[in-house]
Amino acid sequence: MTVDAKDILLDEETLFRNGKVLTPGYVPENIQHRDEQLKALSYALKPGLRGLNPINTLVYGPPGTGKTTIIKHLFDQANEASGKIVTVYINCEDANTRFAVFARIHEMLFGTSPPDTGKPIESVKEKIFSKLLKEDKGLIVALDELDQLFIKKNVDKILVDLLKAHTTYGFDRVGVFGAMIDERFMAKLDDKTRSVFNPERVFFEPYTRDELFEILSERVKHAYYQGVVSRKVLDYMVDRTFSLGDLRIGIDLLRRSGLVAERDAKREITVKQVDEAFGGGSQMLALKNTIRGLDDTERSLLSYLASSGEEVSGVVYERFKEETGVGIKKYNEMVKKLEHLKLVDTVHLEGERGRSRKIVLRYKAQDIQDHVKTCK
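Residues numbered from 1 in each chain as written. Predicted model: local features only at pLDDT ≥ 70, side-chain atom pairs only at ≥ 80, totals over all residues. Heavy atoms only, no water.

## Notes on the nonpolar core
Y224, I269, L301 and L343 are the most contacted members of the largest nonpolar core, which totals 55 residues. For this core, the elements supplying multiple residues, two or more each, are α10 (209-223), α11 (231-244), α12 (247-263), α13 (271-292), α14 (296-308), α15 (313-324), α16 (328-340) and α17 (365-374). With 7 residues, α12 is the single largest residue contributor to this core. In contact with I269, other than residues within four places in its own chain, are Y224, V228, V229, V233, M237, S257, G258, A261 and V274. The next biggest cluster of nonpolar side chains, apart from the first, holds 37 residues, and it includes Y60, A95, V124 and L163. (Core = buried A, V, L, I, M, F, W, Y, C linked by side-chain atoms within 4.5 Å. Buried < 20%, exposed > 50% of the residue type's maximum accessible area, 1.4 Å probe, protein only. Helix = DSSP H or I, 4+ residues; strand = E, 2+ residues; numbered from the N terminus. Contact = heavy atoms within 4.5 Å.)

Structure follows, in structure tokens:
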């Protein structure tokens, strides 16, 4: 029997009630288990709704803890509540140069991007701030994945461009929400930038297992028809998600598992299909998200572990120290962090004296190397 691709593509049978609920850009109407963070960010944005300066804020915490969702949700609410402020969300993994950042702001204000050739950045900035002045509107910019601007070494210039606009353009109603995983990057800001940014800090702690269950249950209710995801299978997905500490993995796993079940012409998702979906993509998404949150030295250590095949911690330290000059205290902190992020396990060596241990990778070495390269 010959399979006709057209029959598959046009088949309207589906397990999904609303697949958009499981897409990365979906923002739920009701935000669960983030009341304190939502309250803090609302207070930071509130002055902008009254024609005053929004409060600069740093949003930080582990991957998949709701930082992006909360910011987008709050921006949607602000736009409905007031016409006195323009909100611009920018993912700095995609836009990490001065021109790219201001092009996104230009696009929000004018509906089009400025030409990417022959247009000086200063003229783009002048056009943006002149329009805001004329319309008497404030501006709040969310710089998500802020660590990417540190890596590209242009974070200071971009923040000063935004927050010192009053010195050149007479516009001072600008606020910045920066979102990142590790706030230690902030120590790399120069003194001038630190003084103008000087953000409030809002921490997003990892979700508990019960919280993950409630959030994923809500997504299941809206995404799938009744009976597609059993309590047993949902519990299994929640356990997988909790072990990795990243809500995005659970949502991706929900989506991929449904697609596998549809491919198999099943009416409900099985544990076997969840395992296939996890190995087929969700696991690599977890690895990518986690590695992206490491700083350069931590990524170098992880890359060394993957490339050298060395496991004994003392030997790893001596050789890594030769390459980087990292001291023992910093090294131990990095190993502890890699273990906390579930990238490695540390195992005490039997029969060895003292505190000898070996470091074991939790992912394939080649997969780690591939994802480390994409972060450079």
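## Topic: the pairing of strand β4 (residues 174-180)
For β4, a buried count of 7 out of 7 residues is recorded, marking the element as mostly surrounded by other parts of the structure. Of the two faces of β4, the one carrying V174, V176, G178 and M180 and the one carrying G175, F177 and A179 are both buried. Relative to β4, strand β1 (residues 57-60) is paired through 4 bridges, and the arrangement is parallel. Paired with Y60 across the bridge in β4 is M180. Two elements, strand β3 (residues 138-144) and β4, share 5 bridges in a ladder whose sense is parallel. (Pairing = 2+ DSSP bridges.)

## Section: the sheet that holds β4
Ordered in space as β2-β3-β4-β1-β5, the 5 strands form an open sheet in which the pairing is parallel. Either end of the sheet is taken by a strand with one partner, and the two such strands are β2 (85-91) and β5 (200-203). Looking at each pair of strands side by side, their axes are set apart by 15° on average, direction ignored. Of the strands in this sheet, β1, β2, β3, β4 and β5 are in contact with helix α2 (residues 35-49), which crosses β5 at around 150°. (Axes fitted to C-alpha atoms, helices over the stretch in contact; angles between N-to-C directions.)

## Considerations on the confidence of the model for the protein chain
For residues with low pLDDT, the predicted coordinates do not support detailed interpretation. Looking at the protein chain as a whole, the pLDDT averages 90, with 94% of positions reaching at least 70. For the stretch residues 5-9, pLDDT sits under 50, and the model shows 1 contact to residues farther than four places along the chain or on other chains. (pLDDT = per-residue confidence, 0-100.)

## Examining the pattern of salt bridges
Counted according to the given criterion, the structure contains 29 salt bridges. Measuring nitrogen to oxygen at the nearest pair gives 2.6 Å for the salt bridge that ties R173 to D136. Here the residue R173 occupies a position in the loop between α8 (165-169) and β4, and D136 occupies one in the loop between α5 (121-135) and β3, the gap between them amounting to 37 residues. Put simply, R292 and E145 hold a salt bridge, and the shortest N to O gap is 2.4 Å. Here R292 is found in helix α13, whereas its partner E145 is found in the loop between β3 and α6 (147-151), with 147 residues between them in sequence. Residues joined in a network through salt bridges with shared partners are R98, E122, K125 and D161. (Salt bridge = Lys/Arg side-chain N within 4 Å of Asp/Glu carboxyl O.)

## Focus: the packing of α11 against α12
Taken N-terminus to C-terminus, the directions of α11 and α12 make an angle of 145°; their axes are 8 Å apart at the nearest point. In this structure, α11 meets α12 at a crossing whose hand is right-handed. Of α12, the residues touching α11 (which contributes M237, R240, T241 and L244) are L247, I249, G250, L253, L254 and S257. Of the residues belonging to the contact of α11 with α12, the class tally is 6 nonpolar, 3 polar and 1 charged. (Left-handed = near helix turned anticlockwise from the far one by under 90°. Nonpolar A, V, L, I, M, F, W, Y, C, P; charged D, E, K, R; others polar.)

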